[in-house]
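Architecture at a glance
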Amino acid sequence: MNHHNYCHQEHKNDSDSAEKGGSFYTCPMHPEILEESPGICHECGMNLITTSHKKHTDHKEHDKHAGHSTEAFLKKFWVSLILSIPVVIYSDILNQLFEWRAPAFYGSSYIPAVLGSIIFFYGGWIFLASAARELKARLPGMMTLIAVAIGAAYIYSIYVVLVGRPEEGLFWELSSLITVMLLGHWIEMRAVSGAQGALKELSKLIPDEAEVIKNGEPKKVRLEEIKEGDIVFVRPGGRIPTDGVVVEGESEANESMITGESAPVKKSASSEVIAGTINGDGALKIKVTKVGEHTFLAGIMRLVREAQASKSRLQILSDRAAYFLTIIAIAFGASAFIFWLVAKAGFGFAVERLVAVLVIACPHALGLAVPLVASISTTMAARRGFLIKQRLALELARKIDVVLFDKTGTLTKGEYGLTDIWNVGAENENELLRLAASVDAHSEHFISKAIVRAAAEKHLSLFEIKNFKRIAGKGVSGQIDGKEILVGGQAILEGVKSPLTDKLRGEIEIENKKGKTIIYALDRGSILGALALSDLIREESREALRALKEEGVRVAMITGDSDNVAKWVANELGIDEYFARVLPGEKSEKVKILQEKGMKVAMVGDGINDAPALTQADLGIAIGAGTNVAIESAGIILVRNDPRDIVKIIKLSRLTYNKMIQNLFWAAGYNVAAIPLAAGVLAFKGVLLQPAAAAILMSLSTVIVAINAILMRRKKI
């Protein structure tokens, strides 16, 4: 599903929901942005508010309007700035500061009122309209404070003009305040839109068209016309349009944008491919297996959308703090206004203090502090091969004490491989492996396949086999150059002419206790040698567990294998605790055992039988290649089956938390000192915070929060 279709589908779903009477979420400042779930505006970072109405708009119109709204702030800023210059020149402020007055002429005293009114309605109207939407949704916030501030300043200023005292107006304060806020919001919107857009970036991965093979020839069609079972042709360097299976051709695919794996992945017949990835130098013919909402990329987008709609505890806290800050600001501003009126400081001065308090207390930075960091962390996660399904899961990851791994397929490869060779009667180890693999090549047993695969990895050519036979309960046999070669387990040693030496028997017994499978090769009753095979430990597991310990996290393992096998794997990897011979239904009980010790547990699994344990764990992490049941039970999903990504999750969680705390400090810290200052507590010492200066501080705080969040991208995890 391309990004145009994706947007179209979103609007279609929205319209369908609207018809059913459902609510939507919109930005107070950008009403053209409508979402089905709460979150923050990808244009300006403001919290979305509920709305019951939904316009059906075309995606192109939406994108155009959204882009225009951002640039409109810059245009409004320049117009307001130019108009503010004569407002300041013909106000009393220059006379107070420098004892200089602009040349007077008939009607010059009304220049601030006329131009100030233009600025108020042209530049300030967007704040008034946004405040109206907040109040309609019963969620007063930043726009409400700004609207009350500029509204109070303007009404008072117009009043003094009408009663013949234009010099007492607050037009230069009003004009500079609106101008500064327009610039501040434009800077914020640029920063936020650059930090947001995880879904936009993902949707752009899909091409608009694809080449479908029809009557033997490739024909370009729109992506929405492709059906399951179609054969698509992908040229070298082209983007793969759908999920599918290669039916012809060889190439490599760059899957880094989906899995986070930088190395190209080889693709040949029967290889699976993912929509949105980039084809290498070879041409591929691909049979379409999934289209539209069923593709892997669409699933990622759905999870990212869910994650962005979900909230962490810190975000809930910041939202609540922003709400109460709004209430406190209005109360504090009103109190300051009343105090200065009672103190007979003048109505204009009282209004000025009210405006300064309301502006400096605007909770935009506080409302943006956590959601922006959370949104960026979601995007960072998706780019590094794991998907955050629930924000609370990522927040919890930093507190994890122990990671419990399911052994097979996670710490091990889940397939048998050759680990040891003991040569007795063959020319050398390679010759022994070559003989065994030649006979086993005719068997379908998974151990036989592992031996054949080991020979292929060493680029050993196989002998021609005659009279291949299966020996019930023992193994297989075949003739090579007239010699009868037998390959099998312990039972095949019955009646051998030359028994194993004590030294060799001891070595084999040690490996056997580790849970390895021992296979023997014989020639006419004489032992040629033995091979040990086991479920191979992945090198990535060694790196992952070493890194987890460096982060101070313990590691535990759960397996249905024997105690010998579990002990061997635990010793190889340095695992702190393991549970062996665990039946599928008992896995959640083992999670409880660790939790009863007071530990926060992260469970990593991939199968249906892992679902209860994933749910029981404090943090469930599912392997993306696993079952849908496991994925639905987890808070975080690994796109790749790579245990090293667990370390990245913990590091990203800690980085995200630290950035959130930093942002909350920048967002709320300045209010503590600035609100009393704006109210005029130090007025007796001549220290006053003007409304324009308050606007600069408010905007600066928000910009710092946005930049600090964006700097997350440079951090390595």
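Residues numbered from 1 in each chain as written. Predicted model: local features only at pLDDT ≥ 70, side-chain atom pairs only at ≥ 80, totals over all residues. Heavy atoms only, no water.

Turning to the overall build of the chain, a few remarks are in order. In terms of regular secondary structure, the chain is built from 25 helices and 25 strands. Per-residue burial over the chain gives 52% buried out of 717 residues. Restricting to contacts in the chain with at least 6 residues of sequence separation, those with at least 24 account for 69%. (Helix = DSSP H or I, 4+ residues; strand = E, 2+ residues; numbered from the N terminus. Buried < 20%, exposed > 50% of the residue type's maximum accessible area, 1.4 Å probe, protein only. Contact = heavy atoms within 4.5 Å.)

Looking along a regular strand, one sees the side chains alternate between the two faces of the sheet. Along strand β14 (residues 402-406), five of the five residues are buried, which leaves the element largely enclosed by surrounding structure. As paired strands, β14 and strand β21 (residues 554-558) are joined by five bridges and run parallel to one another. Each residue of the ladder has a partner; that of V403, found in β21, is V555. Inspection of the sheet shows β14 paired to strand β23 (residues 601-605) by four bridges, in the parallel sense. Bridging across to β23, L404 finds its partner in M603. (Pairing = 2+ DSSP bridges.)

Viewed as axis vectors pointing N to C, helix α16 (residues 429-440) and helix α17 (residues 446-457) meet at an angle of 130 degrees, and their least axial separation amounts to 8 Å. The angle between α16 and α17 places the two elements in the oblique class. Both α16 and α17 take part in a crossing whose hand is left-handed. Taken together, the residues of α17 that come into contact with α16 (itself represented by L433, A436, A437 and D440) are S448, I451, V452, A454 and A455. Grouping the constituent residues of the contact of α16 with α17 by class yields seven nonpolar, one polar and one charged. (Axes fitted to C-alpha atoms, helices over the stretch in contact; angles between N-to-C directions. Parallel < 35°, antiparallel > 145°, perpendicular 65-115°, else oblique. Left-handed = near helix turned anticlockwise from the far one by under 90°. Nonpolar A, V, L, I, M, F, W, Y, C, P; charged D, E, K, R; others polar.)

A few words now on helix α18 (residues 502-513). For α18, built from 12 residues, the straight-helix expectation of 16 Å at 1.5 Å per residue is met to within 8% by its first-to-last C-alpha distance of 16 Å. Residues L504, I508 and E511 constitute the buried set of α18. Taken down its axis, α18 places every buried residue within 60 degrees of arc, on the same side. Every exposed residue of α18 that faces more than 90 degrees away from the buried side is listed here: D502 and K503. Where α18 ends, the next residue or the one after it, G515, has phi of about 90 degrees, a positive value. (Expected span 1.5 Å × (residues − 1). Arc of directions from axis to C-beta.)

Moving on, we come to the pattern of salt bridges. In total, this model carries 21 salt bridges according to the counting rule given. Measuring nitrogen to oxygen at the nearest pair gives 3.4 Å for the salt bridge that ties E444 to K449. By relative accessible area, which is 42% here, K449 ends up partly exposed. Of the charged contacts, one joins R644 and E543 as a salt bridge, the two residues approaching to 3.3 Å between their closest N and O atoms. Of this pair, R644 sits in helix α24 (residues 644-679) while E543 sits in helix α19 (residues 539-550), and the two are 101 residues apart along the sequence. Using a relative accessible area of 29% as the deciding quantity, one classes R644 as partly exposed. For E543, a relative accessible area of 36% translates into the label partly exposed. (Salt bridge = Lys/Arg side-chain N within 4 Å of Asp/Glu carboxyl O.)

Turning our attention to the packing of aromatic side chains. Here the structure, examined in full by the defined rule, presents 12 aromatic pairs. With centroids separated by 6.4 Å and ring planes inclined at 80 degrees, the aromatic side chains of Y154 and F171 adopt a geometry described as edge-to-face. Taken together, the residues span a long stretch of sequence, with Y154 in helix α6 (residues 142-162) and F171 in helix α7 (residues 171-195) at a distance of 17 residues. With relative accessibility at 12%, the residue Y154 sits in the buried group. Put simply, the rings of F120, F121, W125, Y154 and F171 touch in pairs and so form one group of aromatic residues. (Phe/Tyr/Trp six-rings, centres within 6.5 Å; stacked < 30°, edge-to-face > 60°.)

The subject of this paragraph is the pairing of strand β5 (residues 217-222). One ladder, built from six bridges, connects strand β4 (residues 209-214) with β5; its direction is antiparallel. Residue pairing in the sheet places V212 in a bridge with K219 of β5. Joining the antiparallel neighbours β4 and β5 is a turn of two residues, in which N215 adopts a positive phi near 55 degrees.

The next point concerns the environment of A679. As for its placement among the helices and strands, A679 is situated in helix α24. As for A679 and G333, which are separated by 346 residues in sequence, their C-alpha atoms are 6.9 Å apart. In this structure A679 touches F332, A336, W340, R353 and V357, once residues within four positions along its chain are discounted.

For helix α5 (residues 125-136), built from 12 residues, the straight-helix expectation of 16 Å at 1.5 Å per residue is met to within 8% by its first-to-last C-alpha distance of 17 Å. Among all positions in α5, only I126, F127, S130, A131 and E134 are buried. Across the axial projection of α5, the buried residues extend over an arc of 135 degrees, all falling on one side. Two residues or fewer past α5, R138 is found with a positive phi of approximately 60 degrees.

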